[in-house]
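Examining the three-dimensional arrangement
Take a look at the letters that make up each chain.
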Amino acid sequence: MNEQATLQPVDAADVTILVDNSIDILLPSNETAHRAPLAYDWSEREQLIAEHGYSLLLTVQRKGRTESILYDAGLGRNTVLHNMDILEVQAKDLRAFILSHGHADHHGGLEGIFQRVGRHNMPLILHPDVWRDRRIVFPTGVEIHMPPPSHSDLDHEGVAIIEERGPSLLLDGMVLVTGQVERVTDFEKGFPLQQARTDSGWEPDTWIWDDQAVVCHVKDKGLVVLSSCSHAGVINVLRHAQRLTGIDKVYAFVGGMHLTGGLFEPIIPRTITELISIGPGIVVPGHCTGWKATHEVARQLPDAYIQTSVGTRLHFA
């Protein structure tokens, strides 16, 4: 893959965790992680909701200009909207939406978001494989259906769907959507349990080619990489961002690493070793990273690790 993107540096980037698997309302803030305030009447007011899903708000600042995009929309139809209301995030201020891949725990809240935005032709950037109807078949025989987003429902909402396999630049070059991630490592082998429905029936769909990340470049600091699930493998994702931008320094990684469960836990040591080699200054593992992998990140990269929690705003400058 020879594509390269000229990513305009930004003065600052803020990443707000709108949906994630966990919330801890007692976490202290620090210079980077600004936790949602613990209101004195917390037991009587609406609270932030955690669920098995993921959604990030990325806001970039450059030369006095501030722009925001939404990366994924969680699982529940109303979860991301509920949390945006609690955090006083205005949907009308969003410039674009990016869908990381076609699994329901990342697109479930899209329809509600578009209804709230209330304007036509809002761009939604996605990989064409997002529309694949999928299932996960466990060795026990248990099957989990993973339906894609509804094309017709999104069309009804007047969304401007942009299907793109390759990289895309947004907001006048301040934000990069990686598109399909090149697989170069020998240990990140996709998701062997997944199948997709085809004209010939259910067939293996191991590689989840629609998995894509979002990247910005904070001036003098390096890349901020957001990856919702990292089905491509988190090391592949980071290396791909470096190749696309020509920038080696990774300032921060925020997202899921998909290292949970018996299928993926064996690659935790190699993943951490490679992550240390890349050397991000900040790592905020979330969603599908898993307990064991998260604790290894915290143990082996103690100065970089930040605990995730719904409502946290991460400030990179």
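Residues numbered from 1 in each chain as written. Predicted model: local features only at pLDDT ≥ 70, side-chain atom pairs only at ≥ 80, totals over all residues. Heavy atoms only, no water.

Another point: the packing of helix α6 (residues 268-278) against helix α7 (residues 291-300). It is the contact of α6 with α7, at a shortest axis distance of 10 Å, that shows an interaxial angle of 35 degrees. Two packed elements cross with a definite hand, and for α6 against α7 that hand is right-handed. In this structure, α6 contributes Ile268, Ile272 and Ile276 to the contact, and α7 contributes Lys292, Ala293, Glu296, Val297 and Gln300. Class assignment for the residues of the contact of α6 with α7 results in five nonpolar, one polar and two charged. (Axes fitted to C-alpha atoms, helices over the stretch in contact; angles between N-to-C directions. Helix = DSSP H or I, 4+ residues; strand = E, 2+ residues; numbered from the N terminus. Left-handed = near helix turned anticlockwise from the far one by under 90°. Contact = heavy atoms within 4.5 Å. Nonpolar A, V, L, I, M, F, W, Y, C, P; charged D, E, K, R; others polar.)

This part is about the layout of surface pockets. Each pocket or cavity is described by its volume, and for the largest pocket that value is around 380 Å³. Forming the walls of the largest pocket are 22 residues, and the residues nearest its centre are Ile136, Phe138, Phe191, His258 and Thr260. For the lining of the largest pocket, a count of residues per class yields eleven nonpolar, ten polar and one charged. Computed from the structure, the second largest pocket encloses a volume of approximately 300 Å³. Around the second largest pocket, the lining comprises 17 residues; the ones closest to its centre are Thr16, Leu57, Leu87, Val89 and Arg313. Listed by contribution, the elements that provide at least two residues to the lining of the second largest pocket are β2 (12-19) and β4 (55-62). Looking at the lining of the second largest pocket residue by residue, the classes come out as six nonpolar, six polar and five charged. (1 Å grid on protein atoms, 1.4 Å probe; cavity = no way out; pocket = protein on both sides within 12 Å on 5 of 7 lines; lining within 4 Å. Points joined across faces, edges and corners; volume = space filled by probe spheres on them.)

The next thing to look at is the packing of helix α1 (residues 79-87) against helix α3 (residues 110-117). Running from N to C, α1 and α3 point in directions that differ by 50 degrees, and their axes come no closer than 8 Å. With respect to α3, the axis of α1 lies oblique. Of the residues in α3, those touching α1 at Val80, Leu81, Met84 and Asp85 are Gly112, Ile113 and Arg116. Counted by class, the contact of α1 with α3 contains four nonpolar, one polar and two charged residues. (Parallel < 35°, antiparallel > 145°, perpendicular 65-115°, else oblique.)

Now for α1. Among the residues of α1, Thr79, Val80, Leu81, His82, Asn83 and Met84 are the ones counted as buried. Glutamate 88 sits one or two positions beyond α1 and adopts a positive phi of about 60 degrees. (Buried < 20%, exposed > 50% of the residue type's maximum accessible area, 1.4 Å probe, protein only.)

It is worth spelling out the packing of aromatic side chains at this point. Summed over the entire model, instances satisfying the criterion amount to four aromatic pairs. Note on tryptophan 207 and tryptophan 209: the rings are 6.2 Å apart at their centroids and 35 degrees apart in plane angle, and the pair reads as tilted. The class for tryptophan 207 is partly exposed, based on a relative accessible area of 35%. Note on tryptophan 209: relative accessible area 31%, which makes it partly exposed. (Phe/Tyr/Trp six-rings, centres within 6.5 Å; stacked < 30°, edge-to-face > 60°.)

Moving on, we come to the pattern of salt bridges. Inspection of every chain in the model, using the stated rule, returns 19 salt bridges. Here arginine 135 makes a salt bridge to glutamate 143, at a shortest N to O gap of 3.4 Å. Here the salt bridges do not stand alone but share partners, grouping Arg65, Glu67, Arg95 and Asp172 into one network. (Salt bridge = Lys/Arg side-chain N within 4 Å of Asp/Glu carboxyl O.)

Turning our attention to α6. For α6, the set of buried residues is Ile268, Thr271, Ile272, Glu274, Leu275 and Ile278. Looking straight down α6, one finds that the buried residues subtend no more than 165 degrees of arc, so they occupy a single side. Looking at α6, the residues exposed on the side facing more than 90 degrees away from the buried face are Pro269, Thr273 and Ser277. In this structure, the buried residues of α6 make contact with α5 (234-245), β17 (250-256), β18 (282-286) and α7. Once α6 finishes, glycine 279 follows within two positions and takes phi at roughly 75 degrees, a positive value. (Arc of directions from axis to C-beta.)

Residues Ile23, Ile25, Leu26 and Leu38 make up a contiguous nonpolar surface patch of about 350 Å² in total accessible area. Mapped onto the elements, isoleucine 23 comes out in the loop between β2 and β3 (33-34). (Patch = residues over 30% accessible without salt bridge, like charges linked within 9 Å, V, L, I, M, F, W, Y side chains within 5 Å. Areas by Shrake-Rupley, 256 points an atom, 1.4 Å probe, with all protein chains shown as cover.)

So, about the sheet that holds β4. On the basis of which strands lie adjacent, the open sheet formed by eight strands has the order β3-β19-β2-β4-β5-β6-β7-β10 and mixed pairing. In this open sheet, the two strands that pair with only one neighbour each are β3 and β10 (160-163). Along the sheet, α3 makes contact with β5 (65-71), β6 (94-98) and β7 (123-126), crossing β6 at roughly 165 degrees. (Pairing = 2+ DSSP bridges.)

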